[in-house]
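Each chain, written out:
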Amino acid sequence: VQLQASGGGLVQAGGSLRLSCAASGIIFSINDMGWYRQAPGKQRELVATITSGLSTNYADSVKGRFTISRDNAKKTVYLQMNSLKPEDTAVYYCKAESPRRAWPYWGQGTLVTVSS
């Protein structure tokens, strides 16, 4: 099983990035997918989730700026991040959860740095 996150980088405040997480080794279409982030010295927190049925949920801090989506044919989940703020700086991780599995899978993380 592998969740390969990509798309992170350095961007100025107000800019945009799109993160991707490509999955292999799982039945992607039945997994609920999520993006989480961890800033230095802070706990990992939920950013956005999308269920197998395409229901979405967002942290209040990113509502209206971030959009999560998925492409089951490509086994990939995306996070479009607009109007980025310095406080969005963190390592972003993708997560896969399945009703057929008691434990989640995590990707390796991709670093997003937003400069002011």
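One can find the structure itself at the top, above this paragraph.
Residues numbered from 1 in each chain as written. Predicted model: local features only at pLDDT ≥ 70, side-chain atom pairs only at ≥ 80, totals over all residues. Heavy atoms only, no water.

A. The arrangement of the overall build of the protein chain in detail. The helix and strand tally for the protein chain stands at zero helices and 11 strands. Starting at the N terminus, the α and β elements of the protein chain follow one another as β-β-β-β-β-β-β-β-β-β-β. In terms of overall dimensions, the protein chain is globule-like: its C-alpha atoms have a radius of gyration of 13 Å, near the 13 Å expected for 116 residues. Projected onto the principal axes, the alpha-carbon positions of the protein chain cover approximately 45 × 25 × 25 Å. The proportion of buried residues among the 116 residues of the protein chain is 42%. Considering only contacts within the protein chain whose residues lie at least 6 apart along the sequence, 55% involve residues at least 24 apart. For the protein chain, the accessible surface area stands at approximately 6,100 Å², while carbon and sulfur atoms represent 49% of it. Taking the 13 positively charged and 7 negatively charged side chains of the protein chain as two groups, their mean positions are separated by 5 Å. (Helix = DSSP H or I, 4+ residues; strand = E, 2+ residues; numbered from the N terminus. Rg over C-alpha atoms; globule rule 2.2 N^0.38 Å. Buried < 20%, exposed > 50% of the residue type's maximum accessible area, 1.4 Å probe, protein only. Contact = heavy atoms within 4.5 Å. Areas by Shrake-Rupley, 256 points an atom, 1.4 Å probe, with all protein chains shown as cover. Lys, Arg positive; Asp, Glu negative; His and termini not counted. Charge placed at Lys NZ, Arg CZ, Asp CG, Glu CD.)

B. Summary view of the state of the cysteines. For the structure on display, the rule yields one disulfide. A sulfur-sulfur separation of 2.0 Å characterises the disulfide bridge that pairs Cys-21 with Cys-94. Its S-S torsion of approximately 55° makes the covalent link between Cys-21 and Cys-94 right-handed. Highlighted residues: Cys-21 in strand β3 (residues 17-24) and Cys-94 in strand β9 (residues 90-97), separated in sequence by 73 residues. Grouping residues by exposure puts Cys-21 and Cys-94 together as buried. (Disulfide = S-S within 2.5 Å.)

C. View of the packing of aromatic side chains. By the definition in use, this model includes one aromatic pair. The interplanar angle of 70° and the centroid separation of 5.1 Å between the aromatic rings of Tyr-36 and Trp-106 together place this pair among those described as edge-to-face. Of this pair, Tyr-36 sits in strand β4 (residues 32-38) while Trp-106 sits in strand β10 (residues 105-106), and the two are 70 residues apart along the sequence. For Tyr-36, a relative accessible area of 13% puts it in the buried group. The partly exposed category is assigned to Trp-106, whose relative accessible area is 35%. (Phe/Tyr/Trp six-rings, centres within 6.5 Å; stacked < 30°, edge-to-face > 60°.)

D. Main features of the nonpolar core. Counting residues in hydrophobic clusters, the biggest one holds 30 residues, and the most contacted among them are Trp-35, Leu-79, Met-81 and Tyr-92. Secondary structure elements with two or more residues in this core: β1 (2-6), β3, β4, β5 (45-50), β7 (66-71), β8 (76-81), β9 and β11 (110-115). Those residues in contact with Tyr-92 that lie beyond four places of it in its chain are Leu-19, Trp-35, Tyr-36, Arg-37, Val-47, Phe-66, Leu-79, Met-81, Gly-109, Thr-110 and Val-112. (Core = buried A, V, L, I, M, F, W, Y, C linked by side-chain atoms within 4.5 Å.)

E. Structural detail: the environment of Gln-12. Note on placement: Gln-12 falls in strand β2 (residues 9-12). Residue Gln-12 is classed as exposed on the basis of its relative accessible area of 60%. For the pair Gln-12 and Ser-115, spaced 103 residues apart in the sequence, the C-alpha separation amounts to 4.8 Å.

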